[in-house]
2 protein chains.
Amino acid sequence: MTQNLDAISPDIPSDYESLKARISTLSESMPKRLLQCARYALANPDRIALGTTAEIASAAGVQPSTLVRFAQTLGFDGFSQMQQIFQGQLVGRSSEYTERLTKIRESGTNTPGSILGNFVERSKQSLDDLLRQVDTVALERTIEALSAAENIHLLGLRRAYPVVSYLHYTLGKMGVRTNLLEYTGGILEERVQFINENDALFVATFSPYSPEVVEFASKAFGRGVAVVSLTDSVLSPIARVSSTVLEVNEAEHGAFRSLSTTMCLATSIAVAVGDARKWTSLS
Amino acid sequence: MTQNLDAISPDIPSDYESLKARISTLSESMPKRLLQCARYALANPDRIALGTTAEIASAAGVQPSTLVRFAQTLGFDGFSQMQQIFQGQLVGRSSEYTERLTKIRESGTNTPGSILGNFVERSKQSLDDLLRQVDTVALERTIEALSAAENIHLLGLRRAYPVVSYLHYTLGKMGVRTNLLEYTGGILEERVQFINENDALFVATFSPYSPEVVEFASKAFGRGVAVVSLTDSVLSPIARVSSTVLEVNEAEHGAFRSLSTTMCLATSIAVAVGDARKWTSLS
DNA sequence: ATAAATTTGGAATGAATTTTCCGAATTGGA
DNA sequence: TCCAATTCGGAAAATTCATTCCAAATTTAT
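Residues numbered from 1 in each chain as written. Chains lettered and ligands numbered in written order. Predicted model: local features only at pLDDT ≥ 70, side-chain atom pairs only at ≥ 80, totals over all residues. Heavy atoms only, no water.

### Focus: the overall build of chain A
Put simply, the test is: Secondary structure is summarised from DSSP: a helix means a run of H or I of at least four residues, a strand means a run of E of at least two, and numbering begins at the N terminus for each. The contact rule is simple, with two residues in contact once any of their heavy atoms fall within 4.5 Å. What sets the accessible areas is the Shrake-Rupley method with a 1.4 Å probe; for residues, cover comes only from the shown protein chains.
The helix and strand tally for chain A stands at 13 helices and 7 strands. Contacts spanning at least 24 positions in sequence make up 68% of the contacts within chain A whose residues lie at least 6 apart. Surface exposure of chain A reaches about 12,500 Å², of which carbon and sulfur atoms provide 51%.

### Describing the interface of chain A and chain B
Let me state the cut-off plainly: Throughout, buried area stands for the accessible area (probe radius 1.4 Å) lost by two parts on being put together, summed over both. Whenever a carboxyl oxygen of Asp or Glu lies within 4 Å of a side-chain nitrogen of Lys or Arg, that contact is scored as a salt bridge. Counting of polar contacts relies on pairs of N or O atoms within 3.5 Å, with two restrictions inside protein: one atom must be capable of donating a hydrogen and the other of accepting it, and residues adjacent in sequence are counted only when both atoms are side-chain atoms.
Contacts between chain A and chain B engage 62 residues on the former and 64 residues on the latter. Across the chain A/chain B interface, buried area totals approximately 5,800 Å², and carbon plus sulfur atoms make up 70% of it. Across the contact surface, chain A and chain B share 4 salt bridges. Applying the counting criterion to the chain A and chain B interface returns 9 residue pairs in polar contact (both at pLDDT 80 or more).

### Describing the protein's contact with DNA strand C
This is how the line gets drawn: Near, as used in this document, describes a residue that has one of its heavy atoms within 4 Å of the molecule or strand being considered. The nonpolar class holds Ala, Val, Leu, Ile, Met, Phe, Trp, Tyr, Cys and Pro. Asp, Glu, Lys and Arg form the charged class, and all remaining residues, Gly among them, are polar.
The immediate surroundings of DNA strand C are formed by 17 residues, with T53, Q72 and F79 of chain A together with R33 and Q63 of chain B found nearest. A breakdown of the atoms of DNA strand C within 4 Å of the protein gives sugar and phosphate a share of 72%. Q72 of chain A is positioned such that a nitrogen or oxygen atom in its side chain is 2.8 Å from a phosphate oxygen of DNA strand C. With respect to DNA strand C, the side chain of S80 of chain A contributes an N or O atom lying 3.2 Å from a sugar or linking oxygen. Looking at the surface near DNA strand C, the elements that each hand over two or more residues are α5 (53-60), α6 (64-73) and α7 (79-91) of chain A together with α3 (32-43) and α6 (64-73) of chain B. The class makeup of the residues in the surface near DNA strand C is 5 nonpolar, 9 polar and 3 charged.

### Here we look at the protein's contact with DNA strand D
Around DNA strand D sit 17 residues in total, of which R33 and Q63 of chain A together with T53, Q72 and F79 of chain B are the nearest. Restricting the count to atoms of DNA strand D within 4 Å of the protein gives a sugar and phosphate share of 76%. Take S80 of chain B: an N or O atom from its side chain is 3.1 Å from a sugar or linking oxygen of DNA strand D. Partitioning the surface near DNA strand D into residue classes produces 5 nonpolar, 9 polar and 3 charged.

### Notes on the sheet that holds strand β3 (residues 200-205) of chain A
Residues and elements named next belong to chain A. We apply this condition: Paired strands, as defined in this entry, are two strands with at least two bridges between them according to DSSP. The axes used here are C-alpha line fits, helices contributing only the stretch in contact, and every angle between their N-to-C directions lies in the interval 0 to 180 degrees.
One open sheet accounts for 5 strands, arranged β2-β1-β3-β4-β5; its pairing is parallel. Looking at which strands have only one partner, the edges of the open sheet turn out to be β2 (178-181) and β5 (244-247). On average, adjacent strands in this sheet sit at an angle of 20° to one another, irrespective of strand direction. Bridge count for strand β1 (residues 152-155) against β2 is 4 bridges, and the pairing is parallel. Bridged to H153 within β2 is N179.

### Side note on the packing of aromatic side chains
Where we set the bar: Any pair of Phe, Tyr and Trp rings, taking the six-membered ring for Trp, is counted once the centres come within 6.5 Å. Such a pair is stacked with planes under 30 degrees apart, edge-to-face with planes over 60 apart, and tilted for the rest. Buried means the residue's accessible area, taken with a 1.4 Å probe over protein chains only, is under 20% of the maximum for its type, while exposed means over 50%, and partly exposed covers the values in between. Whether a charge lies above a ring is judged from NZ of Lys or CZ of Arg, which has to be within 6 Å of the ring centre and within 35 degrees of the ring normal.
Scanning the entire structure with this criterion turns up 3 aromatic pairs over all chains. Both rings, one in Y16 of chain A and one in F86 of chain A, keep their centres 5.5 Å apart while their planes meet at 70°; by these two values the pair is edge-to-face. Taken together, the residues span a long stretch of sequence, with Y16 of chain A in helix α2 (residues 16-26) and F86 of chain A in helix α7 at a distance of 70 residues. Looking at Y16 of chain A, the relative accessible area reads 9%, which means it is buried. With a relative accessible area of 2%, F86 of chain A lands in the buried category. Taking 6.1 Å as the distance between ring centres and 90° as the angle between the ring planes, the aromatic pair formed by Y161 of chain A and Y161 of chain B counts as edge-to-face. With Y161 of chain A in helix α11 (residues 161-173) and Y161 of chain B in helix α10 (residues 161-173), this residue pair bridges two chains. Of the two residues, Y161 of chain A and Y161 of chain B, both sit in the buried class. Positioned over the ring face of F206 of chain A is R159 of chain A, at 4.6 Å from the centre of the ring.

### Looking at the pattern of salt bridges
Within the structure shown, the criterion is met by 8 salt bridges over all chains. We note a salt bridge from K124 of chain A to D128 of chain B, for which the minimum N-O separation is 2.7 Å. Of the two residues, K124 of chain A sits in helix α9 (residues 112-133) while D128 of chain B sits in helix α8 (residues 112-133), which places them in two different chains. Judged by its relative accessible area of 26%, D128 of chain B is partly exposed. The partner of E28 of chain B in a salt bridge is R240 of chain A, with the nearest N and O atoms 3.4 Å apart. Placement of E28 of chain B in the loop between α2 (16-26) and α3 and of R240 of chain A in the loop between β4 (226-231) and β5 is noted, with the two residues assigned to different chains.

### Describing the layout of surface pockets
Definition in use: Residues are called lining when one of their atoms sits within 4 Å of a cavity or pocket point, these points coming from a 1 Å grid over the protein atoms alone, where a cavity is a set in which a 1.4 Å probe fits but cannot get out and a pocket is an open set with protein on both sides within 12 Å along at least five of seven lines. Grid points are joined across faces, edges and corners, and a volume is the space filled by probe spheres set on the points.
Here the second largest pocket is characterised by a volume of approximately 770 Å³. When grouped by side-chain class, the residues that make up the lining of the second largest pocket number 11 nonpolar, 8 polar and 9 charged.

### A word on unusual backbone geometry
Cis geometry marks the peptide bond from S207 of chain A to P208 of chain A, where omega comes out at -5°. At R158 of chain B, a position not held by glycine, the phi torsion is positive, near 50°. Within the element layout of this structure, R158 of chain B appears in the loop between β1 (152-156) and α10.

### Considering the pairing of β3 of chain A
Residues and elements named next belong to chain A. The criterion, for reference: Here a crossover is taken to be right-handed if, once the strands point away from the viewer, the path from the first strand over the helix to the second is traced clockwise.
The buried fraction of β3 is high, at 6 of 6 residues. What you see with β3 is no split at all: A200, F202 and A204 on one side and L201, V203 and T205 on the other are buried throughout. In the sheet, β1 pairs with β3 via 4 bridges, with the strands oriented parallel. Considered in β3, the bridge of L154 is made with F202. Bridging between β3 and β4 involves 6 bridges; their strand directions are parallel. If you follow T205 over to β4, its bridge partner there is T231. Running through helix α12 (residues 211-222), the crossover from β3 to the neighbouring parallel element β4 is right-handed.

### Re the nonpolar core
The condition that has to hold: By nonpolar core is meant a set of buried Ala, Val, Leu, Ile, Met, Phe, Trp, Tyr and Cys residues that side-chain atoms within 4.5 Å join together.
Counting 89 residues, the largest nonpolar core has F202, L265 and I269 of chain A together with F202, L265 and I269 of chain B as its most contacted members. Every residue in contact with L265 of chain B, bar those within four places of it in the chain, is listed here: L116 of chain A together with L130, L139, L230, L246 and V248 of chain B. In this structure, I56 and V234 of chain A together with L34 and F70 of chain B belong to the second largest nonpolar core, which totals 54 residues.

### What to know about the sheet that holds strand β2 (residues 178-181) of chain B
All names here are of chain B. Sheet architecture is open: 5 strands sit in the order β2-β1-β3-β4-β5, paired in parallel fashion. At either margin of the open sheet sits one strand with a lone partner, and together these are β2 and β5 (244-247). Between one strand axis and the next, the sheet turns through 20° on average, direction left out of account. Here helix α9 (residues 136-148) sits on the sheet in contact with β1, β3 (200-205), β4 (226-231) and β5, set at roughly 125° to β5.

It is worth stressing that arrangement in space is one thing and function is another; only the former is reported here.
Dropping the structure here:
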C-alpha cells in the first residue's frame, strides 16, 4: 500500500541532497514552528537520524506532532519515513550506491554485466569502509614490524593465498625479499623453526579460518616472532596470536567474496614497506 | 536507576572499540546463536545501529529475544543500550571521515595512511572505469567460452599469478574444476599438448608481458583452443592470439599497481561462470 | 544412558513511540 | 475590530518495539 502511494505521489525526496533542497525551497512559505523544525533538521541531521520524536521535538523546542507535520509537509507519510533519509546519509551510503545497486538487482542478476556491476558497486563501498574503519595505528605498527624484520615470511591458504603471493611478488620487485610459505602437505609446522626472533610473519586468513595457519602463527608468536595478520573479523582466531591485526570487510555477492579491497590494502602495505625500507637503507 | 546500575556494574563497554574487544573475548565461550549475533554485529555494525530488533534478528537469522540476550551477555541492560554504542560509532565515523580524508591528502605521501588513502581513491576510480569501459560483448563471450569448455586451463605469471590462482580457488569452490598451470622451469610449453580443442585457456598477463605466456597462448590458439585473455591494454601481444580480450586499467601509485579492480572482474567472471554451469547442468 | 544445566524459539507482555485528532490560539484580511 | 483560515499544542489512540517468560530442545556432566 505504502508502495503504491510512493509511486503515485509525485515527489518524495529519495536522498539527503534532494531532501535538503526541498526543505530549503519550502521553508520560505513555512509557518513559525515548521520553520523551526526545518532549521533544526538542517543543523542537526544526525539527531534526526537517531533520535525519537520526543527527544528531537524537545531539543528543537516543538511538539512531537509538529515534527510529524513537518515531515508530511515535505511529502512523507510521517516522521519515520523522513528519518530513513537522514539515516541513509549518516551511513554514508550516499544514495547513488544503493540506488544503482537496486537498479542492478531489478535487471536480473544472471547476466555477466549485472554481476560485474554488482561487484563493482559493492567493492567501491567496501573500499570506502576500509578507509573509514582502518585502524591507523595497527597499520603503522604493521609497516614498522615488516620494515624492521630481518626476513619476512608470508603465509596464506585458499582465498588468502593470492594475497600473499601478490605480496611476495610486489615486495620482491621493490627489493624486499620474502619467504612465501607454500603448503605442501603436512610439513608446514616443521618450518616454524626456521623463523627466528628478528623475523616477521605476515599471515592472511579469512573465514573459515584454516586451522593449520592459525596453529602455525600461534607457534611463531609463542616463539616471540612478530606476527602481523590480515583477516576479516576481530573474531578471527588469528587475532589472539598476532602482534597487530588488520581487518578488512570484503564485498560479497551471495556467498562469494571478492578480493578487491583486500588487494588494495595489500598493495598499500607493500608500497609502504618498500618506502620504509628504502629510507632506512639509505640512512 | 539505570545510572546507578551502570555505576555499580563492573564493566559496560562505553565505546565501540572496547565493545569490539569484549565481543571478541566473550565470543570464545558463546553458544551457537549468540556467536551468530556476535559475527553479524561485527560484520554489520551499521545495521545494528539503525535497525529494529525484528529487522536485525531476521537478517542475522536469529530471534529478537536472542539479540536481547546477546546484549545482556555483554553486560548491557538490553539491546537498546548496546545499540547506542553502535550509533555513537556511526556518528563519530561520518564526521571524522571527510576530516580524515583531507588530512590524509594533505600529509606527505609517505605515511602508510596516505598511501592507503591514495590507493583507495584510485581503486574506486579504476572500478568506475571498469564498469564504464567494459566490453559487455567480450565479457559475455568470455563467460560462454568458459562455461562451454570441457576443461578450463589457467595461466598467469608474476603479477597475474594471484589472479589465476584466485580463479582456480573460487571456481573450484563453485564446483568448476580448473587446471592451474604453474611455471616450474622451462617445461611450460610442453603442456600445450594436454589442452584439447574442447577446452578453454584463460590467460592473464600485464605489461611487461611474459613472452613465455604469450608463446603458450599462441600455440594453444593455433591449435583451435578458445583463448580468453585478461590484460591491461588492447595493444597487449596477447590480444592477437585470443578469441576474446578483457581489458582492465588498474589503479597505480608511482610504478606500483594494485590488483583491486582486476580481482573485482575476476570474481565476477568466476561467479558468472559458476552460475552458467549450474543452469546448464540442471537442464 | 540418564539427569542436570544450559540454550533456544516463540508467544505474551508491557513500555515506548509515532501518529491522529480536535479544541485553542494565532494569523491575515476586511 | 471581527471573522475566516491557518497553525499549534496536547492529549488520546494506534502501532511498533524491546523485553520477559516459559516450555521445548539441546548440550554437558555424571
